[in-house]
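Residue-level structural notes
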Amino acid sequence: MEKLVSNWYGIVQPLPENYIFPPDARPGKLSTAPSIPNCNIPVIDLGSQGHDRDQIIQKILEASQEFGFFQVINHGIPDASLNDAMAVFKEFFELPLEDKEASIHSDDPNIVCKLYTSGVNYDWEPVHLWRDILRHPCHPLEKFMPLWPKQPIKYREHVGKCSTQVRKLALSILELISEGLGIGSQYFNDGVTQQTLLYVNYYPPCPDPSLTLGISKHCDPQLITILLQGDVSGLQVFKDGEWIGVEPLSHGLVVNIGHQLQIISNGKLKCAEHRAVTNSSNARMSAAFFITPSPDCYIEPAAALINASNPQLYKGFQYKEFSAHFYMNQGNTEVALEPFKL
Ligand SMILES: O=C(O)CCC(=O)C(=O)O
Ligand SMILES: [Fe+2]
């Protein structure tokens, strides 16, 4: 806990050696965001669903096929709700270390609310990430909210409200996707969307952003992710051999396809590699809401998508088998899907 970067940035200069990535994984000069190619990650206006539903579905499918990423605007979640949640996250990370610890201390034997730095296996990592992370489940709210941070005082109220709205939005986007894929509008009900996991990332200003990363290259293992990235850039998506930036949009939300949605869509929708770079002047925060299957949920390509010209690409498995393999290989994107391919 004493290693949290949010508690010693500004004190530590230069970047400690155990944060320096090997040359081929460093962002290099590109990490100073404006110089990287400006993204053409699609921006989809959800405000006109009443009369443009089919067109919106088409745009979502195209973006999910080509980029695995898109941003949504006019998504129905009030600006105030997003601002309030981001404000309590920031307040949390700016608390003194003892207050952060006290805030998440709970009698829960499963310790569902976790605060740590870098990755889950700090002691085993060859290189550390320049970020701290607060994570906890959000759904069902009544079950998990009593285990969330107690400070800031408004944390539970604001994050409870925002997570409920984000989950509703995610389910409505999944309904549009299921309609577009032609797999039945109920496909994403129940087990496959049973959990909402929230990971709040805090990247303090970094002494040398060219040498390190906030999050290294990965794909999200869950079904679909909704990301609040505030107003500081840093998210990059790997596309056609290049890293492209996902520029923050005022009150826009980033949506990306997870491994499970790639599998269910039998490879039609893509989950794209992405990472987060740091910068030397502003702390950056992002809040990722992962819509996640229950551990026992059986995942397989939807039968309606398989035919003579589209043979089944993945076998069926329980989600917990996938996540065990994913975390054992530390999210290595080369091998994450291997055992599940046919
Ligand atoms: O900070 C970001 O923008 C990316 C976060 C992310 O990719 C994740 O939490 O999985
Ligand atoms: Fe991610």
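Residues numbered from 1 in each chain as written. Chains lettered and ligands numbered in written order. Predicted model: local features only at pLDDT ≥ 70, side-chain atom pairs only at ≥ 80, totals over all residues. Heavy atoms only, no water.

Going by what an unreviewed UniProt entry lists, the protein is known as Fe2OG dioxygenase domain-containing protein and is assigned to Rubus argutus. In its Sequence similarities (unreviewed entry) section, UniProt records this for the protein: "Belongs to the iron/ascorbate-dependent oxidoreductase family." (UniProt positions renumbered as here; feature names shortened; annotations may be inferred.)

1. As for the sheet that holds strand β6 (residues 215-218)
Spatial ordering of the open sheet is given by β6-β11-β8-β9, a layout of 4 strands whose pairing is antiparallel. At either end of the open sheet lies a strand with only one pairing partner, and these are β6 and β9 (242-245). Averaged over all pairs of adjacent strands, the angle between strand axes in this sheet comes to 25°, irrespective of strand direction. Two strands pair when backbone bridges link them, and β6 and strand β11 (residues 274-276) are joined in this way by 2 bridges, in the antiparallel orientation. (Pairing = 2+ DSSP bridges. Helix = DSSP H or I, 4+ residues; strand = E, 2+ residues; numbered from the N terminus. Axes fitted to C-alpha atoms, helices over the stretch in contact; angles between N-to-C directions.)

2. Description of the environment of Q229
Summarising the element assignment, Q229 is placed in the loop between β7 (224-228) and β8 (235-239). The exposure class assigned to Q229 is buried, which follows from its relative accessible area of 4%. Residues Q229 and G252, 23 residues apart in the sequence, show an inter-C-alpha distance of 8.7 Å. Setting aside chain neighbours within four positions, we find Q229 in contact with M86, L235, V246, E247, P248, V254, R284, M285 and S286. Side-chain polar atoms of Q229 contact the backbone oxygen of V246, separated by 2.8 Å. Reaching out from Q229, the side chain makes a polar contact with the side chain of R284 at a distance of 2.8 Å. (Buried < 20%, exposed > 50% of the residue type's maximum accessible area, 1.4 Å probe, protein only. Contact = heavy atoms within 4.5 Å. Polar contact = N/O pair within 3.5 Å; in protein donor to acceptor, adjacent residues only side chain to side chain.)

3. Examining the site of ligand 1
Neighbouring residues of ligand 1: 13 residues in total, closest Y203, H218, H274, R284 and S286. H218 places a side-chain nitrogen or oxygen 3.0 Å from an oxygen atom of ligand 1. Within the side chain of H274, a nitrogen or oxygen atom sits 3.0 Å from an oxygen atom of ligand 1. A total of 290 Å² of accessible area belongs to ligand 1 in isolation, and the protein chains cover 95% of it. Elements with a contribution of two residues or more to the shell around ligand 1: β5 (195-203), β6, β11 and β12 (284-292). For the shell around ligand 1, the leading source of residues is β12, giving 4 residues. (Near = heavy atom within 4 Å. Areas by Shrake-Rupley, 256 points an atom, 1.4 Å probe, with all protein chains shown as cover.)

4. A short note on the sheet that holds strand β2 (residues 69-73)
Reading across the sheet, the 8 strands line up as β1-β2-β10-β7-β12-β5-β4-β3 and stay open at both edges, with mixed pairing between neighbours. Since the sheet does not close on itself, it has two edges, and those belong to β1 (43-45) and β3 (114-117), each with one partner. Going from strand to strand, the sheet's axes swing by 25° on average, the running direction of each strand aside. Summarising the sheet, β7 and β12 pair through 5 bridges and their orientation is antiparallel. Counted as the bridge partner of I224 is I291 from β12.

5. Topic: the coordination of the iron ion (ligand 2)
At 2.1 to 2.2 Å from the iron ion (ligand 2) lie its protein donor atoms, namely H218 (NE2), D220 (OD) and H274 (NE2). Mapped onto the sequence, the donors of the iron ion (ligand 2) take the spacing H-x1-D-x53-H. Taken as a pair, D220 in the loop between β6 and β7 and H274 in strand β11 lie far apart in primary sequence, 54 residues in all. (Donors = N, O, S within 2.8 Å, 3.2 Å for Na, K, Ca; no water.)

6. Regarding the side chain of R275
For R275, the location among the structural elements is in strand β11. Buried and unpaired, R275 has no salt bridge, with D24 as the nearest side chain of opposite charge at 9.4 Å. Within the local environment of R275, its side chain forms a polar contact with the side chain of Q236, the two groups lying 2.8 Å apart. Not counting chain neighbours up to four residues away, the residues in contact with R275 comprise A25, R26, P27, L213, I215, S216, K217, G234, L235, Q236 and W243. (Lys, Arg positive; Asp, Glu negative; His and termini not counted. Salt bridge = Lys/Arg side-chain N within 4 Å of Asp/Glu carboxyl O.)

7. Some words on the nonpolar core
Counting residues in hydrophobic clusters, the biggest one holds 75 residues, and the most contacted among them are F89, I173 and I177. Residue contacts for I177: discarding those within four places in its chain leaves I60, L61, F188, I224, L261 and L269. Membership of the second largest hydrophobic core comes to 16 residues, among which are I133, Y199, L227 and I244. (Core = buried A, V, L, I, M, F, W, Y, C linked by side-chain atoms within 4.5 Å.)

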